[in-house]
Structure formats: C-alpha cells, structure tokens
Amino acid sequence: VLIEQKLQKDMLYLACRHHIFELLIGAAFESTLGASSGPEVKLFKLFKDHWGFIDKANFQAADSDDIARDAIADIRSEILEFALSQPRDDYRELLEFSVIFAGGVPLTGVTFMAPGAMHHARWMAKILYSIKIWMFRGQFKLTAREQTGLRDIAIFVVRLYLKAWITAPSVIDAQYNDIQLMTSLI
C-alpha cells in the first residue's frame, strides 16, 4: 500500500509461482493419500525407520506396473530428456528420481539417499518420499490404498509437476508453461 501511495498507481499483486505450485502438489497429495492430523506423515516415518532394511539395488520403476508404465509411455522420452538436461543442483534428487521412475539412469548413476526430515511444511519431502516408497514397495508393507496413492503421486509428479516446478522461475516462459500445465491437467 505504501508503494502504491508513493507511485500514485495501483499495483498488481501476484503470488510467487513456486508457492502456487506448492499448493497444487499439496492438494494432489491430500486427494490421493488423505490429510494427516499430526506434524509428520505416519507412513513416511515408518519408511524412514525401515530404511536400513531396504535393498537399494532392488527398486521398481514405472515399467514394473502396468498403470504407471501406461501413464507415462507417451512422454517417457520427453521426461528423460528434460530431467537429464537440467543443470540445476537445487532439485537434483527430484530430477534423478524422475529419471529412475521413468526407467532411465541419472548421469551420476542410480543412488538413493537415506530419508531425511519430514514435516508437513516440507512439501518437497512429500514428493521425494512418495516416489521413493513406491519404488521400494516390494520391500515395504503398504495397503492397497497407500500403494495406489503413492503411484498416483509419482505419476502426477513425473508426468505433470516436474517440468512446471523446474521451469517456474523462467519469467519469459511463464505464460506458455502455465498454459501447458493447465492443458495437461485438463
């Protein structure tokens, strides 16, 4: 308001695109896995406690599941090309998980870091945990609902969310990228 008074002009207030995308993934997460009442997601805490028993070489990518494979089949090469071409290190784990999920091998090889901090405010951890747990579902007991929810989140992230999130800072491409996301969501 003070700036508007000094400029003697109305200003347009826009939310940060990353913040908008945080709301989007939060809604997707809640609709697939439900809301959690505590500060931590119980499933993620159980997985973190079980991590020491996981054979990190024995993971399952999208091609191990008919629904996941079919959901990304038409854009698998596009996902791999996009994720492998990103020089960003700030979201390296998300990019690498997307490559692994799609059946590729990241430039640094296939590695899985131990699960870290998890809190509702750490929305990126929700994404990483969801993909990681789903890929290790053969070694970790999940209900049918949990397995389906985790798979759906992984598909959503890799098919739609990844590119929108990574390209969010690009002001020049913002309108085009937003239209692409909206079209894909529809």
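Please read these numbers as outputs of a predicted model, since none were measured by experiment.

## Section: the pattern of salt bridges
Per the stated rule, a full pass over the model turns up 9 salt bridges. For Arg 151, the salt bridge is made with Asp 65, and the minimal N-O distance between the two is 3.9 Å. Taken together, the positions of Arg 151 in helix α8 (residues 144-167) and Asp 65 in the loop between α3 (42-50) and α4 (66-72) put the pair 86 residues apart, joining distant regions of the chain. Of the two residues, Arg 151 and Asp 65, neither departs from the other in class, the shared state being buried. Across the pair Arg 151 and Asp 152 runs a salt bridge, and its minimum N-O distance is 3.3 Å. Since its relative accessible area comes to 11%, Arg 151 is described here as buried. In the salt-bridge network here, residues are joined through shared partners; they are Asp 65, Arg 151 and Asp 152.

## With respect to the environment of Thr 183
Mapped onto the elements, Thr 183 comes out in helix α9 (residues 174-185). Counting along the chain gives 140 residues from Thr 183 to Leu 43, while the straight-line C-alpha distance between them is 32 Å. Within the local environment of Thr 183, its side chain forms a polar contact with the backbone oxygen of Ile 179, the two atoms lying 2.8 Å apart.

## Describing the nonpolar core
Proteins that are soluble and globular tend to have nonpolar side chains buried together. Among the nonpolar cores identified, the biggest contains 56 residues, and Leu 94, Phe 101, Ile 127, Ile 133, Tyr 161 and Trp 165 are the most heavily contacted of them. Looking at this core, the elements with two or more residues in it are α2 (17-33), α3, α4, α5 (76-84), α6 (92-101), α7 (123-135) and α8. No other element matches α8, which puts 13 residues into this core.

## Thoughts on the packing of α2 against α9
The interhelical angle for the contact between α2 and α9, taken along N-to-C directions, is 10°, at an axis separation of 13 Å. Compared by their axis directions, α2 and α9 come out roughly parallel. For the pair α2 and α9, the contacting residues are Arg 17, Phe 21 and Leu 24 in the first and Ala 174, Asn 177, Asp 178, Leu 181 and Leu 185 in the second. Residue composition of the contact of α2 with α9, grouped by class: 5 nonpolar, 1 polar and 2 charged.

## Regarding α3
Of the positions making up α3, those classed as buried are Leu 43, Phe 44 and Phe 47. Taken down its axis, α3 places every buried residue within 95° of arc, on the same side. Across from the buried face of α3, at angles greater than 90 degrees, the exposed residues are Lys 42 and Asp 49. At its buried positions, α3 is contacted by α2, α7 and α8.

## A short note on unusual backbone geometry
Unusually for a residue other than glycine, Gln 8 sits at a positive phi of about 55°. In this fold, Gln 8 is placed in the loop between α1 (2-7) and α2. When its relative accessible area of 71% is taken as the criterion, Gln 8 is described as exposed.

## Concerning the confidence of the model for the protein chain
With 94% of its residues at a pLDDT of at least 70, the protein chain reaches an overall mean of 88. The secondary structure element of the protein chain with the lowest average pLDDT is α2, at 83, and the one with the highest is α4, at 97.

Cut-offs applied
- Residues numbered from 1 in each chain as written.
- Predicted model: local features only at pLDDT ≥ 70, side-chain atom pairs only at ≥ 80, totals over all residues.
- Heavy atoms only, no water.
- Salt bridge = Lys/Arg side-chain N within 4 Å of Asp/Glu carboxyl O.
- Helix = DSSP H or I, 4+ residues; strand = E, 2+ residues; numbered from the N terminus.
- Buried < 20%, exposed > 50% of the residue type's maximum accessible area, 1.4 Å probe, protein only.
- Polar contact = N/O pair within 3.5 Å; in protein donor to acceptor, adjacent residues only side chain to side chain.
- Core = buried A, V, L, I, M, F, W, Y, C linked by side-chain atoms within 4.5 Å.
- Axes fitted to C-alpha atoms, helices over the stretch in contact; angles between N-to-C directions.
- Parallel < 35°, antiparallel > 145°, perpendicular 65-115°, else oblique.
- Contact = heavy atoms within 4.5 Å.
- Nonpolar A, V, L, I, M, F, W, Y, C, P; charged D, E, K, R; others polar.
- Arc of directions from axis to C-beta.
- pLDDT = per-residue confidence, 0-100.

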